[in-house]
Amino acid sequence: MDSLFSLRAAPAWFLVLPDTDAAAPAARAALPHATRRLHHPSGRPWLIGRWAPGTATCGGRGRARIVVIGDHAVSPGEAARAAAVAESPAALDRRAAAWPGSFHLVSSVAGQVRVRCGAIGVRRVHHARTGAAGDAVTLACDRADVLADLIGAPLDERRLAVELLTPDMLHPLSGQPLWRGVHTVAGGHSLTLPPCGAARETRWWSPPEGEVPLSVGAAALRDALGAAVRVRTRGRDLVTADLGGLDSTAVCCTAVRSGTPVVAYTVAQHDALGDDVHWARRTIDALGAVVAVDGGGPVEHHVVPAEAVPMTYDGLDALDDVLDGPSPITVDRNRRMCLLELAAARGSGLHLSGLGGDELLAGTPARLHALLPGHPAVALRQLRGYTAKYRWPRRRVLRALGDRRGYGSWLRRVADHLTDPPPAVDEPLLDWAVPPRMPPWATPDAVDAVRELLFAQAPSARPLGRGHGEHRELAAMASLSRTARYIDQISAAHGVTFAAPYYDDQVVEACLAVAPRERITPWRYKPLIVEAMRGTVPESVRARATKANATFEEEAGLRAHRAGLLALCDQSRLARLGLIDARVLRAWCARPLSAELESGLLHPTVACEVWLRSRRTAPAPAGP
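Residues numbered from 1 in each chain as written. Predicted model: local features only at pLDDT ≥ 70, side-chain atom pairs only at ≥ 80, totals over all residues. Heavy atoms only, no water.

1. Looking at the overall build of the protein chain
What the protein chain contains, in helices and strands, is 26 helices and 17 strands. Taken over the C-alpha trace, the protein chain has a radius of gyration of 24 Å; the compact-globule value for 624 residues is 25 Å, and the two agree within 12%. When the backbone C-alpha atoms are referred to their principal axes, the protein chain occupies close to 65 × 65 × 50 Å. Burial status across the protein chain gives 57% buried among its 624 residues. Accessible area of the protein chain: about 24600 Å², with a carbon and sulfur share of 53%. The positive charge centre, built from 73 side chains, and the negative charge centre, built from 64, are 4 Å apart in the protein chain. (Helix = DSSP H or I, 4+ residues; strand = E, 2+ residues; numbered from the N terminus. Rg over C-alpha atoms; globule rule 2.2 N^0.38 Å. Buried < 20%, exposed > 50% of the residue type's maximum accessible area, 1.4 Å probe, protein only. Areas by Shrake-Rupley, 256 points an atom, 1.4 Å probe, with all protein chains shown as cover. Lys, Arg positive; Asp, Glu negative; His and termini not counted. Charge placed at Lys NZ, Arg CZ, Asp CG, Glu CD.)

Written as structure tokens, this is what we have:
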């Protein structure tokens, strides 16, 4: 295989180099595969890579330069003003806090390079050390595979074993780069690359305290989501958008209000109980009347027939997307890409999604741990509501709420029970996370590798947030933001930017600032977005409390594409690495499976297998 596979095949990436001559070998290796470059004030190479026109803005003042890369509206003049304060990272961060959108922020000041990732995980930063001991340097990159190929890092089978876990929300192990010596900067942190010596991570963002009343937070969310959408739609002749559930409806209606022409797509479902089409048509009918009075862009609506959309597991044997890690999105890849391909054919360069709204807006009952001491009456009322709604056994609820063991203890418990059956469907959602499990076809070596990593992490691991609830929400957002990132990596090859504005820093900040006792409740469905969308989403649909799912499509896909699943068992790359028993996997795939209870165990394994194969089969992108 080509040792620089990802540099050649990935449609978009950027590499950040420290301001030193020792970085020259890395620059020379990367430059033949890049279409763009920027330089330090010293004249040395600074950023090298491929990025779309209009996504990067650079500004300088004196011995400082900054570049903003992603979805933003930062002008060269504003970038220059930000560079004037860049010698103080805190001052630069304060200035950048006013910028809507989703972006990386990179600065070069007097030889010190700083790379800032996003608060959650859509804008990730990876780093690795390379070079001889005396001339070793740290490189940073937005893609782990590009960085790994550039330095010749070998695959880390232990990290790949972690990716077999279900669900994939095991902080700090899930979603890490799959190469030895390549590391990821934690969300809400920045990475500083000195001319020599080791790089260091520094926290720049922490979740807000969560004390804002719902009414105030709703106004802040409306403003933040409006800015997130406008920063993407500005100057465009047309954009496309999902129009399905409540979250995507809010984004679509916000886009219409921005004045940009919107083409909205709703996927019909085979399940008669799927009501997205009904609500989407009500939305469009009401929007037409509202826009005629209050103004806004024209909106065009298309219902995609259920039979025109691929089922889950479609085309697994032909996928060759260039991703920098395996993603469970693989099993639904063709299903999800159906709309993005329609967007590209319609001439759209931007597709707006509601992805991320569930984790951010619905929250988690695990917040009751923190709510109980300060607001016992509210906590007990909500607890009764959740217990009745989800039919939780009361003894388990009381046991979970009384469990005061820390996060490290939870990791050790996960390690001890990796091969147990999945938790019961009525298990209270009050622990640090749903305990992940290894699939039945994982080999003892794979299980031992994950267990060893867990035991090694347990003594020092810290939760992502203050308490069970905040950690659980942030872990879920980290997982889904990786999904958004992978979808964008796929759609980039089609010339379409996939946008998930719910994961913009300002939107996340606005939501998490709201008091959890008002934002999260069993009595109302996503009250924060319902209140925020007054005057934006038509009244007849604003308080919708239903949510469709694709369980039917998954079960039908299992039947229709079983041959493709079985083919993955033949010449399995995971089996060659000693991570799975292909015979057990084949036997599992050959029998009937429940989409609700069993097939989810398949998703990570399919993702890993397809990803390993795509590393050898994906073509290089056309053009420069």
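2. Re the state of the cysteines
For the coordinates displayed, the defined rule picks out zero disulfides. Cysteine Cys-338 remains unbridged, with the sulfur of Cys-252 as its closest cysteine sulfur at 17 Å. Its relative accessible area of 12% is what places Cys-338 among the buried residues. Note on Cys-589: no disulfide assigned, nearest cysteine sulfur contributed by Cys-569 at a separation of 4.7 Å. (Disulfide = S-S within 2.5 Å.)

3. Observations regarding empty space enclosed by the protein
A water-sized probe, rolled over the atoms, reveals where empty space remains. Enumeration according to the criterion identifies eight cavities of 30 Å³ or more in this entry. The space that makes up the largest cavity amounts to roughly 140 Å³. Here the lining of the largest cavity gets five residues from one element, more than from any other, and that element is helix H17 (residues 468-492). If you go around the second largest cavity, the residues you meet are Leu-319, Asp-321, Leu-323, Pro-326, Thr-330, Arg-333, Ile-490, Ala-607, Val-610, Trp-611 and Ser-614. Considering each element in turn, the lining of the second largest cavity owes the most residues, four residues, to helix H26 (residues 602-617). Class assignment of the residues belonging to the lining of the second largest cavity gives a composition of seven nonpolar, two polar and two charged. (1 Å grid on protein atoms, 1.4 Å probe; cavity = no way out; pocket = protein on both sides within 12 Å on 5 of 7 lines; lining within 4 Å. Points joined across faces, edges and corners; volume = space filled by probe spheres on them. Nonpolar A, V, L, I, M, F, W, Y, C, P; charged D, E, K, R; others polar.)

4. Some words on the packing of helix H15 (residues 407-416) against helix H16 (residues 444-457)
When two helices pack together, their arrangement is given by the angle between their axes and by how far apart the axes lie. The N-to-C vectors of H15 and H16 enclose an angle of 165 degrees; their axes lie 9 Å apart at closest approach. Considering the angle they form, H15 stands roughly antiparallel to H16. Where H15 crosses over H16, the two elements pack in a sense that is left-handed. Facing Leu-411, Arg-412, Val-414, Ala-415 and Asp-416 of H15, the residues of H16 in contact are Arg-451, Leu-454 and Phe-455. Within the contact of H15 with H16, the residues separate by chemical class into five nonpolar, no polar and three charged. (Axes fitted to C-alpha atoms, helices over the stretch in contact; angles between N-to-C directions. Parallel < 35°, antiparallel > 145°, perpendicular 65-115°, else oblique. Left-handed = near helix turned anticlockwise from the far one by under 90°. Contact = heavy atoms within 4.5 Å.)

5. A few points about the environment of Arg-381
Looking at where Arg-381 falls in the secondary structure, it is placed in helix H13 (residues 376-390). For Arg-381, a relative accessible area of 46% puts it in the partly exposed group. Separated by 141 residues in sequence, Arg-381 and Pro-522 have C-alpha atoms that sit 9.5 Å apart.

6. Topic: the sheet that holds strand E12 (residues 200-203)
What the six strands build is an open sheet, ordered E4-E5-E6-E7-E11-E12; its pairing is antiparallel. Whereas interior strands pair on both sides, the edge strands pair on one side only; in this sheet they are strand E4 (56-61) and E12. With direction set aside, neighbouring strand axes in the sheet form an average angle of 20 degrees. Relative to strand E11 (residues 189-193), strand E7 (residues 112-116) runs antiparallel, the two sharing four bridges. Residue Arg-114 lies in a different strand from E11, and its bridge partner there is Thr-192. Sitting on the sheet, helix H3 (residues 76-83) is in contact with E4 and strand E5 (64-71), with an inclination near 45 degrees to E4. (Pairing = 2+ DSSP bridges.)

7. What about the side chain of Glu-163?
By the element assignment, Glu-163 lies in the loop between helix H6 (157-162) and strand E10 (182-184). Contacts of Glu-163, omitting those with residues within four sequence positions, involve Leu-173, Ser-174, Gly-175, Gln-176, Leu-178, Pro-326, Pro-604 and Cys-608.

8. Regarding the sheet that holds strand E3 (residues 45-50)
One open sheet holds the six strands; their spatial order is E2-E3-E1-E9-E8-E10, and the pairing between them is antiparallel. Of all the strands in the sheet, the pair left with one neighbour each is strand E2 (36-39) and E10. Neighbour to neighbour, the strand axes of the sheet diverge by 20 degrees on average, direction disregarded. Of the pairings in the sheet, the one linking strand E1 (residues 13-16) to strand E9 (residues 137-141) comprises two bridges and is antiparallel in character. Bridging across to E9, Val-16 finds its partner in Ala-140. The sheet contacts of helix H5 (residues 144-151) involve E1, strand E8 (126-130), E9 and E10, and relative to E8 the element is tilted by about 5 degrees.

9. Here's the deal with the pairing of strand E6 (residues 102-109)
Note on strand geometry: in a regular strand, side chains alternate between the two faces of the sheet. Burial analysis of E6 places eight of its eight residues in the buried class, which makes it a mostly covered element. The two faces of E6 match: Ser-102, His-104, Val-106 and Ser-108 on one face and Phe-103, Leu-105, Ser-107 and Val-109 on the other face are all buried. As paired strands, E5 and E6 are joined by eight bridges and run antiparallel to one another. By the bridge assignment, Ile-66 is partnered in E6 with Ser-107.

10. Comments concerning unusual backbone geometry
For the bond running from Thr-166 to Pro-167, omega is -5 degrees, close enough to zero to count as cis. Inspection of the secondary structure assignment puts Pro-167 in the loop between H6 and E10. A cis amide bond links His-171 to the next residue, Pro-172, at an omega of 5 degrees. Topologically, Pro-172 is positioned in the loop between H6 and E10. One non-glycine residue, Lys-526, adopts positive backbone phi at about 45 degrees. Counting through the fold element by element, Lys-526 comes out in the loop between helix H19 (516-519) and helix H20 (527-532). Positive phi is not limited to glycine here, since Gln-571 has a value of about 55 degrees. Within the fold, Gln-571 resides in the loop between helix H23 (562-569) and helix H24 (573-576).

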